[in-house]
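Coordinate analysis (summary)
So you can see what is in the structure, the chains are spelled out below.
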Amino acid sequence: MPADSFGRQIDYLRISLTDHCNLRCVYCMPLQGLTFAPSEAYLTPAELEQVVRAAADVGFRRVRLTGGEPTLRPDLLDIVKRIRSVDGIDEIAMTTNAVLLPDLAAPLKEAGLDRVNIHVDSLDPERVRRVMRFATFDDIWRGVCAAEGAGLVPIKINSVVVRDYNEQDVIDLARLTIERDWHVRFVELMPFGSGECARLSLSKYVPNHETRDRIESVLGPLEALPKENLADESKNYKIAHARGVVGFISPVSEPYCDTCNRMRLTADGKFHLCLLNDDEVDVKAALRSGRGDIETLSHILLQAVHAKPTGHKLHEGISTQHRQMFQIGG
Ligand code: SAM
Ligand code: SF4
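This one's a predicted model, so the numbers in the text were calculated from it and none came from an experiment.

What to know about unusual backbone geometry
- For the bond from valine 153 to proline 154, the omega torsion is 0°, close enough to zero to count as cis.
- Topologically, proline 154 is positioned in the loop between α5 (137-150) and β5 (156-160).
- Even without being a glycine, aspartate 164 presents a positive backbone phi close to 70°.

A closer look at the pattern of salt bridges
- Using the criterion set out here, one finds 23 salt bridges in the structure.
- Across the pair glutamate 280 and arginine 323 runs a salt bridge, and its minimum N-O distance is 2.8 Å. Taken together, the positions of glutamate 280 in strand β12 (residues 280-282) and arginine 323 in the loop between α10 (294-306) and α11 (325-328) put the pair 43 residues apart, joining distant regions of the chain.
- Given a relative accessible area of 28%, glutamate 280 falls into the partly exposed group.
- Connected through shared salt-bridge partners, Glu49, Arg53, Asp78 and Arg82 make up one network.

What about the packing of helix α1 (residues 45-58) against helix α2 (residues 76-84)?
- One can describe the packing of α1 onto α2 by two numbers: an axis separation of 9 Å at closest approach and a directional angle of 25°. By the angle class used here, α1 and α2 are roughly parallel. As for the relative orientation of α1 and α2, their crossing is right-handed in sense. In contact with Pro45, Ala46, Leu48, Glu49 and Val52 of α1, α2 contributes Asp78, Ile79, Arg82 and Ile83.

Looking at the site of ligand 1
- Surrounding ligand 1, one finds 19 residues, the nearest of these being Gly68, Glu69, His119, Val160 and Met190.
- Glutamate 69 is positioned with one of its side-chain polar atoms (N or O) 3.0 Å from a nitrogen atom of ligand 1.
- Burial of ligand 1 by the protein amounts to 95% of the accessible area it has alone, namely 540 Å².

Section: the site of ligand 2
- Near ligand 2, the surroundings consist of Cys21, Leu23, Arg24, Cys25, Cys28, Met29, Gly68, Asn97 and His119.
- For the shell around ligand 2, a count of residues per class yields 5 nonpolar, 3 polar and 1 charged.

Remarks on the sheet that holds strand β2 (residues 62-66)
- Strand order in the open sheet formed by 12 strands is β7-β8-β9-β6-β5-β4-β3-β2-β1-β10-β11-β12, and the pairing between neighbours is mixed. This sheet does not close on itself; its edge strands, each paired only once, are β7 (222-224) and β12. Averaged over all neighbouring strand pairs, the angle between strand axes comes to 25°, with direction disregarded.
- Of the strand pairs in this sheet, strand β1 (residues 12-16) and β2 are connected by 5 bridges, and their pairing is parallel. Pairing of tyrosine 12 across the sheet is with arginine 62, part of β2.
- Across the sheet, α2 is in contact with β1, β2 and β3 (91-96); its angle to β3 comes to roughly 155°.
- Strands in contact with helix α6 (residues 170-179) are β5, β6 (183-187), β8 (234-239) and β9 (245-249); relative to β6, the strand with the most contacts, it is inclined by about 155°.

Cut-offs and rules
- Residues numbered from 1 in each chain as written.
- Chains lettered and ligands numbered in written order.
- Predicted model: local features only at pLDDT ≥ 70, side-chain atom pairs only at ≥ 80, totals over all residues.
- Heavy atoms only, no water.
- Helix = DSSP H or I, 4+ residues; strand = E, 2+ residues; numbered from the N terminus.
- Salt bridge = Lys/Arg side-chain N within 4 Å of Asp/Glu carboxyl O.
- Buried < 20%, exposed > 50% of the residue type's maximum accessible area, 1.4 Å probe, protein only.
- Axes fitted to C-alpha atoms, helices over the stretch in contact; angles between N-to-C directions.
- Parallel < 35°, antiparallel > 145°, perpendicular 65-115°, else oblique.
- Left-handed = near helix turned anticlockwise from the far one by under 90°.
- Contact = heavy atoms within 4.5 Å.
- Near = heavy atom within 4 Å.
- Polar contact = N/O pair within 3.5 Å; in protein donor to acceptor, adjacent residues only side chain to side chain.
- Areas by Shrake-Rupley, 256 points an atom, 1.4 Å probe, with all protein chains shown as cover.
- Nonpolar A, V, L, I, M, F, W, Y, C, P; charged D, E, K, R; others polar.
- Pairing = 2+ DSSP bridges.

Spelled out as structure tokens, the structure:
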């Protein structure tokens with residue numbers, strides 16, 4: 001397994017398939033002023049397969065597809081099938097807003113996708129519309145049900161907590177775990193760049209200790225669960241007698257950089273070394289100049305792993321400036 005210069009074992013590749021999205025969450029994509037990568041800049045299914053083969057060759061074992069919204073890629077099933085065919089990849093997961101899952105969940109499972117993380121910020125239809133803007137709650141919920149019906153389990157729900165938008169909704173979201181074998185995880189807002197989403201992310205930030213207190217004040221004490229995987233970014237708990245798990249992902253108040261095991265690949269073919277830092281290593285140039293052999297790609301990937309920064313610098317007011325979250329993939 002490849003290790004970076006701080007001894008962290010890096011075996012998890014998160015691939016952004018597109019920077020487009022069918023929603024416009026208030027903290028992620030502004031309504032105006034967006035620019036997208038030209039479609040020819042996106043890595044093709046064959047190029048993605050080749051990068052994953054190189055990653056598996058040096059010891060990567062897990063892949064996540066993200067975006068933007070990965071289900072907007074018309075060639076998504078081909079991409080999943082190709083990744084599934086790579087020896088050494090144990091798990092393929094996808095992060096999605098679920099709106100297109102009613103049609104896609106079953107074919108995705110058949111193509112080889114193992115599970116999904118679904119982004120739902122509220123169970124209240126009005127507030128879903130306010131935070132996620134172009135989706136209705138019913139659109140998303142149909143997608144969640146389709147994913148569960150297709151066996152893309154365990155279902156993991158990710159909710160970003162935003163002050164004055166949905167901080168009260170965490171109780172109903174956490175309550176879902178009482179009857180369901182789901183993981184509901186609360187994510188702290190992070191600022192990317194300097195535009196309106198970054199300003200909102202800074203001004204509407206809710207620390208996860210507050211979210212946890214809010215949940216416990218109504219649903220009772222949360223019992224800590226042992227970490228199954230050291231690199232899991234979520235601190236997991238259980239409500240008494242619940243079937244599912246309540247998790248807290250706290251990159252701002254409790255950074256987990258020490259156990260980071262990730263490499264990210266942007267839709268336009270750059271290894272992005274840390275979510276909250278601008279450093280990137282180009283892999284597309286090699287793919288498109290006749291140097292797409294496994295040996296060359298593995299070498300580029302190992303260089304990227306070696307160059308990973310020790311941790312983010314949000315506490316110093318430093319974040320990614322050239323990329324937004326929708327361009328990197330969460
Ligand atoms: N469109 C898919 C989705 O929403 O799940 C995948 C891409 S989205 C960028 C991945 C995750 O990033 C989502 O769970 C979303 O809530 C989260 N996210 C987006 N902007 C964020 C921000 N500023 N701070 C924290 N999380 C954010
Ligand atoms: Fe789209 Fe996901 Fe960003 Fe929302 S968080 S705008 S669903 S990419």
